[in-house]
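# Inside the fold
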Amino acid sequence: MNAPVASNIKPALLEALQALVGNRVTTSESDRAQHGRDESRHPAHLPDAVCRALSTEEVSAIVRLCNAHDTPVVAYGAGSSLEGALIPVKGGVSLDLTGMNQILAVRAEDLDATVQAGVTRKTLNAHLRDTGLFFPIDPGADATIGGMAATRASGTNAVRYGTMRENVVSLTVVLADGRVIRTRSRAKKSSAGYDLTGLFVGQEGTLGIITEVTVRLYGIPEVMAAAICAFPSVEAAVDTVIQTIQMGLPISRVELLDDNAILAVNGYSKLGLPVTPTLFFEFAGSQSAVEEQASIVEELAKGEGATNWKWSTDADERAKLWQARHDIHWAIRALRPGAKGFGTDVCVPISALADVIRAVRQDTSQRTFGTTLVGHVGDGNFHLGMQIDPDDPDEWKQANEINDRMVRHAISLGGTCTGEHGVGIGKMKFMREEHGEAVDVMHMIKAALDPKGILNPGKVLPA
């Protein structure tokens, strides 16, 4: 049995935190272990303490204490990060916001809602069920709204509704010195001052800790239909998506799963689909609009050799299909029991999508480990999953080389190193290649807002 890992938190800080929140601060190894890892491939690092906050005022007081004691503080939500964004690589305090789970206001007439950071997307939508409204951003995991804002999450609905960047109205943020700010008003538009909301959406807890989020809401469409079709190749499927987007068809979702991904969901979700590259579509609107959209896309797909076109407005069938897509992470893991998942993503202009995917599939075709390719291809974003033997250094080496080549290819075509996983630990080395001297400006902003470097150190910005 491994010896317990000792906590190095300063006694004076621990005493002050205990006086503030009582037994909601802990140094137990089990709590620290839970908060020292995520769903990524990156190694765990235990925080020195875990502190659970229930309000913006408590977060402010906790951060103020950590700042006074020069102690790192890392915000923690659902723990579903895929690039190590919440792993406390420098130790310190893991600030758990999951207890901040209150829906503070729903303003149906204004199509917005304000929630505490620990509210999950499913909880919000369950609360909205009787209003005729919904919150569309769905990254798959039942992530917290605060975590989704901090990582600029998106998901399967992004092709129609955008990402968290487009759907966050305003934020309440605690700065590194404990000050609390609101980033903007709820007005539909404003030209007053800098876009602080845009600054804090996607900063991964390195500039401030998000405690409240005001999000946009949308009316639930009259009719929603799901469609599925199989293709002779990934390239044919991608070409269908490109044609669909270029025609301006208002589809809600379009997801690509390659043959290995279909094999995975068949086994995990019992779908029984042909094991070949496949597109999942969703259409929304009036009955006539949905039928027209589906008919046009069906013709485009058949023009690329698609078969087995099926579509349905049945809510249960739709739910089963999209649940299978959201469970893809676990389905892929089940393909190689005992393996460690190496998940990565890029996003490119839609015109470059086929080029990058073709190169990735060629690069992975002769590997000893399994790979799967899935993606929100309607906006040029796709994910590569590799199942690696944790004890085989050669497999890790190959996986890292594949990832590096894929990312650099995407950047060379005007794309980005990550469409939605975030930078965290794993994508830091690509930041300067993508952003050039803009990284120096990011460092200046970090230094101005967090001069002691206590907020989620070792993330996003390369040294």
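Quick look at the structure, then. Treat the numbers as computed from the prediction; the structure is a model and nothing was measured. (Residues numbered from 1 in each chain as written. Predicted model: local features only at pLDDT ≥ 70, side-chain atom pairs only at ≥ 80, totals over all residues. Heavy atoms only, no water.)

## Observations regarding helix 10 (residues 259-269)
We count it as follows: Buried, partly exposed and exposed residues are distinguished by accessible area as a fraction of the type maximum, computed with a 1.4 Å probe on protein chains only: under 20%, between the cut-offs, and over 50%, respectively. Secondary structure follows DSSP: runs of H or I at least 4 residues long count as helices, runs of E at least 2 residues long count as strands, and numbering of each begins at the N terminus. Here, residues are in contact when the closest pair of their heavy atoms is within 4.5 Å.
Residues of helix 10 that are buried include every one of A261, I262, A264, V265, N266 and S269, and no others. Tucked into the core, helix 10 has its buried residues touching strand 13 (253-257), strand 14 (278-285), helix 12 (315-326), helix 13 (328-335) and strand 17 (371-376). Two residues or fewer past helix 10, K270 is found with a positive phi of approximately 55°.

## Things to note about the packing of aromatic side chains
Let me state the cut-off plainly: When two rings of Phe, Tyr or Trp (its six-membered ring) have centres within 6.5 Å they constitute a pair, described as stacked for plane angles under 30 degrees, edge-to-face for angles over 60, and tilted for the intermediate range. Two thresholds decide whether a charge sits over a ring: the Lys NZ or Arg CZ must be within 6 Å of the ring centre and within 35 degrees of the ring normal.
Here the structure, examined in full by the defined rule, presents six aromatic pairs. Consider the rings of F134 and Y161, whose centres lie 5.6 Å apart with planes at 90°: the pair is edge-to-face. Here F134, found in strand 7 (residues 133-134), pairs with Y161, found in helix 6 (residues 158-161); they are 27 residues apart in sequence, far enough to count as distant. Note on F281 and F283: the rings are 5.9 Å apart at their centroids and 10° apart in plane angle, and the pair reads as stacked. Judged by its relative accessible area of 0%, F281 falls in the buried class. Overall, the relative accessible area of 0% leaves F283 in the buried class. The rings of F134, Y161 and Y218 are connected pair by pair, giving a single aromatic cluster. Seen from the ring of F342, R41 lies directly overhead, with NZ or CZ sitting 3.8 Å from the centre. A cation over an aromatic ring shows up here: R253 above the ring of W322, its NZ or CZ 4.4 Å from the ring centre.

## Some points on the sheet that holds strand 6 (residues 112-116)
The test is simple: For two strands to be treated as a pair, DSSP must find no fewer than two bridges joining them. In this description, a line fitted to the C-alpha atoms serves as the axis of each element, helices being fitted only across the stretch in contact, and the angle between N-to-C directions of two axes falls anywhere from 0 to 180 degrees.
Strands sit in the order 5-6-10-8-9 across an open sheet of five strands; the sheet is antiparallel. Because the sheet does not close on itself, it has two edges, and the strands there are strand 5 (103-107) and strand 9 (180-182). Strand-to-strand twist of the sheet, defined as the mean angle between neighbouring strand axes without regard to direction, takes the value 10°. In the packing of helix 4 (residues 121-128) onto the sheet, the strands contacted are strand 5, strand 6 and strand 10 (209-216), and the crossing angle to strand 5 comes to about 45°.

## Considering the sheet that holds strand 15 (residues 307-312)
Taken in spatial order, the seven strands make up an open sheet running 15-12-14-13-17-18-16, and their pairing is antiparallel. Two strands lie at the open edges of the sheet, namely strand 15 and strand 16 (340-347), each paired on one side alone. Shown here is a sheet whose adjacent strand axes are inclined to one another by a mean of 15°, direction ignored. In terms of strand pairing, strand 16 meets strand 18 (residues 381-388) through eight bridges, oriented antiparallel. Directly across from G343, in strand 18, lies its bridge partner G385. Helix 12 contacts strand 12 (223-230), strand 13, strand 14, strand 15, strand 17 and strand 18 of the sheet and is inclined by roughly 60° relative to strand 12. Against the sheet, helix 13 contacts strand 13, strand 16, strand 17 and strand 18, and its axis sits at roughly 170° relative to strand 17.

## Comments concerning the packing of helix 9 (residues 234-246) against helix 14 (residues 353-364)
Where we set the bar: Oblique is the label for any angle not covered by the other classes, which are roughly parallel (under 35 degrees), roughly antiparallel (over 145) and roughly perpendicular (65 to 115). Crossings are sorted by hand: turned counterclockwise from the far helix by less than a right angle, the near helix makes the crossing left-handed, and turned clockwise it makes it right-handed. Three residue categories are used. Nonpolar comprises Ala, Val, Leu, Ile, Met, Phe, Trp, Tyr, Cys and Pro, charged comprises Asp, Glu, Lys and Arg, and polar comprises the others, including Gly.
For the pair helix 9 and helix 14, interaxial distance at closest approach is 10 Å and the crossing angle is 165°. It follows that helix 9 is roughly antiparallel to helix 14 by the angle criterion. The interaxial crossing formed by helix 9 with helix 14 has right-handed handedness. Where helix 9 abuts helix 14, its residues V234, E235, V238 and D239 lie against L353, A354, I357, R358 and R361. The class makeup of the residues in the contact of helix 9 with helix 14 is five nonpolar, no polar and four charged.

## Points about helix 14
Note the cut-off: A helix's residues, less one, multiplied by 1.5 Å, set its expected span.
An ideal rise of 1.5 Å per residue puts 16 Å on 12 residues; helix 14 measures up with 17 Å between its terminal C-alpha atoms. Looking at helix 14, one finds that the buried residues are L353, A354, V356, I357, V360, D363 and T364. Its buried side turned inward, helix 14 meets helix 9, strand 13, strand 16, strand 17, strand 18 and helix 15 (393-412).

## Remarks on the nonpolar core
Filter applied, for reference: Here the nonpolar core consists of buried residues drawn from Ala, Val, Leu, Ile, Met, Phe, Trp, Tyr and Cys, with membership extended through side-chain atoms lying within 4.5 Å.
Residues L256, L279, F281, F283 and F382 are the most contacted members of the largest nonpolar core, which totals 51 residues. In terms of residues, this core owes the most to one element, helix 15, which gives seven residues. Those residues in contact with F283 that sit more than four places away from it in its chain are V223, M224, A225, A227, I251, S252, V290, Q293, A294, V297 and W309. Counting residues in hydrophobic clusters, the runner-up holds 26 residues, among them L133, A150, L175 and V201.

## Quick word on the packing of helix 14 against helix 15
Interaxial distance between helix 14 and helix 15 falls to 10 Å at its minimum, and their mutual angle equals 165°. Comparing the axis directions of helix 14 and helix 15 gives the class roughly antiparallel. Two packed elements cross with a definite hand, and for helix 14 against helix 15 that hand is right-handed. Two secondary-structure elements touch here, helix 14 through D355, V356, A359, V360, D363 and T364 and helix 15 through I402, R405, M406, H409 and A410.

## Focus: the state of the cysteines
Two cysteines, two sulfur atoms, one covalent bond between them: this is a disulfide. The test is simple: To count as a disulfide, a pair of cysteine sulfur atoms needs to be within 2.5 Å.
Enumeration according to the criterion identifies zero disulfides in this entry. No disulfide involves C66; its sulfur sits 7.5 Å from that of C51, the nearest cysteine. Taking the relative accessible area as the measure of exposure, C66 reaches 0% and is therefore buried. For the unlinked cysteine C417, the closest cysteine sulfur is that of C347, found at 11 Å.

## Re the pattern of salt bridges
What counts, and what does not: When a carboxyl oxygen of Asp or Glu lies within 4 Å of a side-chain nitrogen of Lys or Arg, that pair is called a salt bridge.
In the structure shown here, the tally under the stated rule is 27 salt bridges. When the shortest N-O distance is used, the salt bridge between R24 and E58 registers 2.8 Å. One end of the pair, R24, is in the loop between helix 1 (11-21) and strand 1 (25-26); the other, E58, is in helix 3 (residues 56-68), with 34 residues separating them in the sequence. The partly exposed category is assigned to R24, whose relative accessible area is 22%. Across the pair D112 and R107 runs a salt bridge whose closest N-O atoms are separated by 2.6 Å. Residue D112 shares its accessibility class with R107, and that shared class is buried. Because the salt bridges share partners, they merge into one network encompassing R41, E83, D345 and K427.

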